[in-house]
Amino acid sequence: MNKKRIVSGIRPTGDIHIGNYFGALANWVQLQDQYDCHYFIADWHALTTGYMDTTQLKENIEHLMADYLACGLDVERCNIFLQSHVKEHAELHLLLSMMTPLSWLERCPTYKAQLEALSEKEITTYGFLGYPCLMAADVILYKAEFVPVGEDQLPHLELAREMVRRLHALYETQIFPEPQALLTKAKILPGTDGRKMSKSYNNTISLGEEPEAVRKKVMNMKTDPARIRKDDPGHPDICTVFAYQKLFNTVEKVEEVEQACKAGKIGCVQCKRALHEKVAEWHTPIYDKRTDLLTHHRPYLRDLLEKGSVKARSIASTTMQEVLQAMHIDY
Ligand code: TRP
Ligand code: SF4
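What you are looking at is a predicted structure, and each value in this text was computed from that prediction instead of being measured.

Draft legend 1. Summary view of the overall build of the protein. Secondary structure summary: the protein contains 14 helices and five strands in total. Rg of the C-alpha trace for the protein: 22 Å, near the compact-globule value of 20 Å for 331 residues, within the 12% margin. Burial status across the protein gives 50% buried among its 331 residues. By element, 53% of the accessible surface of the protein is carried by carbon and sulfur atoms, the whole surface being about 16,700 Å². Charged side chains of the protein number 40 positive and 44 negative; the gap between the two group centres comes to 4 Å.

The following block contains the structure:
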């Protein structure tokens, strides 16, 4: 097998929503046959900002596994594993932390931004600062060449490459490829109320949401406020419904909606109904699959995750042997 290897993970912090789906998972599913894909559940990463309350973590891990499968990840075509069940992540993280200058971590833009955004949480911790070391370990442990991520993760990958170069220089070795981002074309989708999409605003459409709740959210979406009557000319560019229409329809169909809206030829209710039909076509099968998995197949989910973790461990332990040897600490 000479497919190039990919590693990526998602933190189990709550249910996957439409933004995560189109921003990451849909792309992961597509990459399955082209690359040697290793996808994981980044539960240790979830602790960096959520160590204070761990009561939901086990449930969130099972939910994320169900989401992965319901969206079309297939364990016959990719490996899926749980980060904390491959202890080598912790071991390599420790070694990387020894050789990573504090200044690299302190000037990481995501570190500064998150400290501000989450200022009500006590995350001025050693572990949170070291997030990029853990993420670098996740990737290089598998000698991944590519990492499908959104733009927000680019500083972390840059740091991972710097860590690789430093380790190679220090121990005169060449173990790892320098991991490159496989940028997911970020279609930034607004929340259903037109604000930034965020779980705390309750303006997302999550995969586990009841179909009826999804319908309500679509029917209550924010439209062009200037349109009162159906024949008022609309401004699709400022309309949330239109942003979603673009995601679910062909270019031709989008063009048609745009023209009809601008000419005052379709009403917003009709437009939302048409959108809801598309959203439901996408959402319902995923919702049904995930509900079935979580209701009747929990042991199966845990078993698959465990089998994937065994496979991951066999790669990870081989890499660790090489690292320990190169560092002359394989005693
Ligand atoms: N930092 C990523 C995020 O917040 C999650 C993550 C952890 C990850 N380790 C990774 C992504 C390794 C890709 C590769 O989205
Ligand atoms: Fe938005 Fe559709 Fe109404 Fe135009 S017709 S303002 S695109 S909901």
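Draft legend 2. Main features of the packing of helix 8 (residues 131-140) against helix 9 (residues 154-171). Where helix 8 contacts helix 9, the axes come no closer than 9 Å and their chain directions differ by 70°. One element, helix 8, and the other, helix 9, form an angle in the roughly perpendicular class. On helix 9, the residues touching Tyr131, Pro132, Cys133, Met135, Ala136 and Ile140 of helix 8 are His156, Leu159, Ala160, Met163 and Val164. When grouped by side-chain class, the residues that make up the contact of helix 8 with helix 9 number ten nonpolar, one polar and no charged.

Draft legend 3. Inspection of the environment of leucine 301 at higher detail. Among the secondary structure elements, leucine 301 is positioned in helix 14 (residues 298-326). C-alpha separation for the pair leucine 301 and leucine 105, spaced 196 residues apart in sequence, amounts to 36 Å. Every residue in contact with leucine 301, bar those within four places of it in the chain, is listed here: Glu62, Met65, Ala66, Leu69, Leu293 and Leu294.

Draft legend 4. Quick peek at helix 14. Here helix 14 is 29 residues long and its end C-alpha atoms lie 42 Å apart, about the 42 Å a rise of 1.5 Å per residue gives. Two residues or fewer after helix 14 comes histidine 328, characterised by a positive phi angle close to 60°.

Draft legend 5. Layout of the site of ligand 2. Around ligand 2 sit Thr223, Asp224, Arg227, Cys239, Val241, Phe242, Cys261, Ile266, Cys268 and Cys271, and that is every residue in its neighbourhood. Every element with two or more residues in the shell around ligand 2 is listed here: helix 11 (240-248) and helix 13 (268-296). Its residues placed into classes, the shell around ligand 2 shows seven nonpolar, one polar and two charged.

Draft legend 6. Quick look at the pattern of salt bridges. For the structure shown, the criterion picks out 22 salt bridges. In this structure, a network of salt bridges that share partners links the residues Lys58, Glu59, Glu62, Arg298 and Arg302.

Procedures and definitions
- Residues numbered from 1 in each chain as written.
- Chains lettered and ligands numbered in written order.
- Predicted model: local features only at pLDDT ≥ 70, side-chain atom pairs only at ≥ 80, totals over all residues.
- Heavy atoms only, no water.
- Helix = DSSP H or I, 4+ residues; strand = E, 2+ residues; numbered from the N terminus.
- Rg over C-alpha atoms; globule rule 2.2 N^0.38 Å.
- Buried < 20%, exposed > 50% of the residue type's maximum accessible area, 1.4 Å probe, protein only.
- Areas by Shrake-Rupley, 256 points an atom, 1.4 Å probe, with all protein chains shown as cover.
- Lys, Arg positive; Asp, Glu negative; His and termini not counted.
- Charge placed at Lys NZ, Arg CZ, Asp CG, Glu CD.
- Axes fitted to C-alpha atoms, helices over the stretch in contact; angles between N-to-C directions.
- Parallel < 35°, antiparallel > 145°, perpendicular 65-115°, else oblique.
- Contact = heavy atoms within 4.5 Å.
- Nonpolar A, V, L, I, M, F, W, Y, C, P; charged D, E, K, R; others polar.
- Expected span 1.5 Å × (residues − 1).
- Near = heavy atom within 4 Å.
- Salt bridge = Lys/Arg side-chain N within 4 Å of Asp/Glu carboxyl O.

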